[in-house]
Amino acid sequence: MKSGLTIGTIGKLDRFVDGSSVIHLGASQPVGAMVFSTPAMIDLMEHAAREALLPFLEDGEESVGATVSVEHLAATPINSVVRAEAKVTAIDGRLIDFELAAFDTQDQIGRGTHRRAVIRTEKFAARLDDKASQMREGSVLPVSPQPNHSDLPPLKTLRVERAGAIATVWLNRPAKLNAVDRQMTADLEELNAWLAGHPDVRVVIVTGSGEAFCAGDDVTEVGTLDLAEATRLSHRQASLYLAWEKLPQVFIAAINGVAFGGGCVLAYSCDFRIAAHSSRFSMPEIKLGWPPGYGIAQLTALVGKARALELCLTGKQITSQQASQYGLVHDLVPQTRLLSSAGELAQQFLAQPAAALRLTKQLIHADEGTQAKQAYLADTAAYIQCLGLPDAQEGIAAFNEKRKPRFNGK
């Protein structure tokens, strides 16, 4: 270490409270709250202590946490700014003790103590590599969800056909335009478990039975759910679509008709999207009285902030040609060639080395970071907040009565 570090030296660090640093209190209840989590506060405090030491480290040195003891004093909501301060209280060679404090703009939210050790990164990395090598022996990549290695159980709302390494899945509620209800949610969870247990299936093609791809959530059913059940259902749906990023298969959406709301989310949760020229896309939740319950971060990553605002705030329908221009779909084909084109793309993937394809997919999805993977907590919280308001009840009634809603404007 360099000289100059003294008792009383202070490190400070600010952080924005986003979806990756909150805990959802009462997630299964009608009324809940999203607050800055204790683990995130500890992380912020430890990094403030690290900031205090950085000017005094030699090349090849770093500091690591040894012990920490923290009290969480007050709650801080999402989208706030918090600050941590770490003050040196004792120096014993390469061990440094700190007094910690954390604040938001209103209160002191935390306090505690912390010890850091200054280490040589070269030696530390060598020991870590040895340990990682030992842990990798005989291990396999984790698969989510829990794998089902047996046969796929009978599914009420999906039709699944397997041809070698390709599985084709038809969303199969044509009379309801393949709207996603509780049963289809459960069937998709069963499908995910089966895919996790059958990595020899390398490509999954998802399409719709009848004239629609997927009209979104079953709005009529949503109107019958209490807020706790609606919250659980939204979280389950977000989890099953996020699982498509983790599963070893490449997912191709073959969009044969309307892809509205949750159906649009289902489509862009796939790795690739091929659309028929006649298909249409929309995020119409705003017209029902609520925001999308999941997928805003993923949509914004695909089409950009301006287009995401356009789609979600207007609820407008766009053509397949517009969807292609926006970046929602990769390719447009005639309706009669939709499944054959998806099959040809699947064969291209089967010609690639399986392990390289799987790992490349995982790396690209992981590059989004953790915030996009947890943003559905905020999405669902906003959705549930609005679902309990009179405008949402009016939106559901207007949907069932096939009329234009009369919102009160509040």
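Residue indices begin from 1 for each chain and proceed along its sequence in written order. Whole-chain, interface and lining totals are the exception, using all residues; otherwise, since this is a predicted model, local features are given only for residues with pLDDT of at least 70 and side-chain atom pairs are given and counted only at 80 or more. Neither water nor hydrogens contribute to the side-chain values; these are computed over all heavy atoms in the structure.

Peer 1: Provide a residue-level description of the layout of surface pockets, including the pertinent values.
Peer 2: Using a 1 Å grid laid over the protein atoms alone, points where a 1.4 Å probe fits but cannot get out form a cavity; open sets with protein on both sides within 12 Å along at least 5 of 7 lines form a pocket; any residue with an atom within 4 Å of a point counts as lining. Grid points are joined across faces, edges and corners, and a volume is the space filled by probe spheres set on the points. In this structure, the largest pocket occupies an estimated 1000 Å³ of space. Along the walls of the largest pocket sit 44 residues, with A215, D217, V219, L288 and F399 positioned nearest its centre. A helix here means a DSSP run of H or I that spans at least four residues, while a strand means a run of E at least two residues long, and both kinds are numbered starting from the N terminus. When residues in the lining of the largest pocket are grouped by element, the largest group, six residues, is from helix 5 (residues 227–246). Classifying every residue of the lining of the largest pocket gives 24 nonpolar, 12 polar and eight charged. Gly is put with the polar residues, along with every residue not named as nonpolar or charged; the nonpolar set is Ala, Val, Leu, Ile, Met, Phe, Trp, Tyr, Cys and Pro, and the charged set is Asp, Glu, Lys and Arg.

Peer 1: Which residues make up the pattern of salt bridges, and what values do they have?
Peer 2: Here, a salt bridge means any side-chain nitrogen of Lys or Arg that lies within 4 Å of a carboxyl oxygen of Asp or Glu. Enumeration according to the criterion identifies 20 salt bridges in this entry. Put simply, R173 and D181 hold a salt bridge, and the shortest N to O gap is 3.5 Å. Relative accessibility decides the category of a residue: with a 1.4 Å probe and only protein chains considered, values under 20% of the type maximum give buried, values over 50% give exposed, and everything between is partly exposed. Judged by its relative accessible area of 15%, R173 falls in the buried class.

Peer 1: An account of the packing of aromatic side chains is requested, with residue identities and associated values reported.
Peer 2: Aromatic contacts are taken between Phe, Tyr and Trp rings whose centres are within 6.5 Å, Trp giving its six-membered ring; a plane angle under 30 degrees counts as stacked, one over 60 as edge-to-face, and the others as tilted. Summed over all chains, the structure comprises five aromatic pairs. Ring geometry for F272 against F349: centres 5.0 Å apart, planes inclined by 50°, an arrangement best described as tilted. Linking F272 in strand 13 (residues 272–276) with F349 in helix 10 (residues 338–350), this pair joins segments that are 77 residues apart in sequence. Grouping aromatic residues by their ring pairs yields a cluster made of Y241, W244, F251 and Y294. In this structure, R159 packs its charged tip against the face of W170, placed 3.9 Å from the ring centre. Two limits define a charge over a ring: the Lys NZ or Arg CZ must be within 6 Å of the ring centre, and within 35 degrees of the ring normal.

Peer 1: If you had to explain helix 5 to someone new, which residues and values would you point to?
Peer 2: Here helix 5 contains 20 residues, and its C-alpha end-to-end distance of 29 Å stays within 8% of the 28 Å for a straight helix at 1.5 Å per residue. With 15 of 20 residues buried, helix 5 lies mostly within the body of the structure. Put simply, D226 is the residue that caps the front of helix 5, since its side-chain oxygen is 3.2 Å from the backbone nitrogen of A228. How far a helix is expected to stretch is found by multiplying one less than its residue total by 1.5 Å. Polar contacts, as counted here, are pairs of nitrogen or oxygen atoms within 3.5 Å of one another; within protein the pair requires one atom able to donate a hydrogen and one able to accept it, and residues that are adjacent in sequence qualify only if both atoms are side-chain atoms.

Peer 1: Please set out the pairing of strand 10 (residues 203–208) residue by residue, giving values where relevant.
Peer 2: Taking burial as the measure, the six residues of strand 10 include six buried ones, the bulk of the element. Side chains V203, I205 and T207 project from strand 10 onto one buried face, and the interleaved V204, V206 and G208 project onto a second face that is buried too. Following the chain from strand 9 (residues 166–171) across helix 3 (residues 182–196) to the adjacent parallel strand 10, one finds a crossover that is right-handed. Any two strands are treated as partners once DSSP identifies two or more bridges connecting them. Note that strand 10 and strand 11 (residues 250–255) share four bridges and pair parallel. Residue pairing in the sheet places V206 in a bridge with A253 of strand 11. Look down the strands so they point away from you; if the path from the first strand over the helix to the second goes clockwise, the crossover is right-handed.

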